[in-house]
Amino acid sequence: MFFPYERYETLAEPLTVYYPTGEEKRARWVLQTVEKAGKQLSGLLDRSMPAMELLLVSEEDWPLVPHDETEDVSKLHPYWTDVTDPPS
């Protein structure tokens, strides 16, 4: 099953964010939060932030989210997956 990226809007900031139409405010908030946390962790760990994309998924598309068998997607929750390139 493939995720319907074509139905999603994108922000092309330093990180690419895919989000459902009408959710730009939330997408920008998530992006700012991840960027802030990434900068803090990069400084603490003395490592650069890894390449990644952010995917905010609508409830109707949740069954289609990219994941491998070990990732529990039975409930809506944030998670990291490396089945996409770059990871999401």
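Look a little higher up for the structure.
Residues numbered from 1 in each chain as written. Predicted model: local features only at pLDDT ≥ 70, side-chain atom pairs only at ≥ 80, totals over all residues. Heavy atoms only, no water.

Student: Is there a simple way to think about the pairing of strand E1 (residues 9-12) in this case?
Tutor: Walk down a regular strand and you will see the side chains alternate between the two sheet faces. As judged from the four bridges shared by E1 and strand E2 (residues 16-19), these two strands associate in the antiparallel manner. Bridging across to E2, Leu-11 finds its partner in Val-17. Taking the residues between adjacent antiparallel strands as the criterion, E1 and E2 are bridged by three residues. (Pairing = 2+ DSSP bridges. Helix = DSSP H or I, 4+ residues; strand = E, 2+ residues; numbered from the N terminus.)

Student: How do you make sense of the sheet that holds E1 when you look at a structure like this?
Tutor: Consider a sheet: its strands pair through backbone hydrogen bonds, and that pairing is either parallel or antiparallel. One open sheet holds the three strands; their spatial order is E1-E2-E3, and the pairing between them is mixed. Pairing within the sheet leaves two strands with one partner each, and these edge strands are E1 and strand E3 (53-55). Going across the sheet, the axis of each strand differs from the next one's by a mean of 15°, ignoring polarity. By the bridge criterion, three bridges tie E2 to E3 in an arrangement that is parallel. Residue pairing for E3: Tyr-18 is matched across the bridge by Leu-55. (Axes fitted to C-alpha atoms, helices over the stretch in contact; angles between N-to-C directions.)

Student: Honestly, the packing of aromatic side chains in this entry has me stumped. Any pointers?
Tutor: To describe a pair of aromatic rings, you give the distance between the ring centres and the angle between the ring planes. Applying the stated criterion across every chain yields a total of four aromatic pairs. Geometrically, the ring pair formed by Phe-3 and Tyr-5 is edge-to-face, given 5.0 Å between the ring centres and 70° between the ring planes. Classification of Phe-3 by relative accessible area gives buried; the value is 8%. Ring centres of Trp-62 and Tyr-79 lie 6.1 Å apart, and the angle between their planes is 90°; on these two criteria the pair is classed as edge-to-face. Residue Trp-62 is found in the segment after E3, and its partner Tyr-79 is found in the segment after E3; the two are separated by 17 residues along the sequence. Ring-pair connections join several aromatic residues into one group, and the members of that group are Phe-3, Tyr-5, Tyr-8 and Tyr-18. (Phe/Tyr/Trp six-rings, centres within 6.5 Å; stacked < 30°, edge-to-face > 60°. Buried < 20%, exposed > 50% of the residue type's maximum accessible area, 1.4 Å probe, protein only.)

Student: What is the right way to look at the layout of surface pockets in this model?
Tutor: Empty pockets left among the atoms are what a rolling probe the size of a water molecule brings to light. Empty space within the largest pocket amounts to approximately 580 Å³. In terms of lining, the largest pocket is formed by 19 residues, of which the most central are Leu-55, Leu-56, His-77, Pro-78 and Tyr-79. Of all the elements in the fold, those that place two or more residues in the lining of the largest pocket are helix H1 (24-45) and E3. Across the lining of the largest pocket, the residue classes break down as 14 nonpolar, three polar and two charged. (1 Å grid on protein atoms, 1.4 Å probe; cavity = no way out; pocket = protein on both sides within 12 Å on 5 of 7 lines; lining within 4 Å. Points joined across faces, edges and corners; volume = space filled by probe spheres on them. Nonpolar A, V, L, I, M, F, W, Y, C, P; charged D, E, K, R; others polar.)

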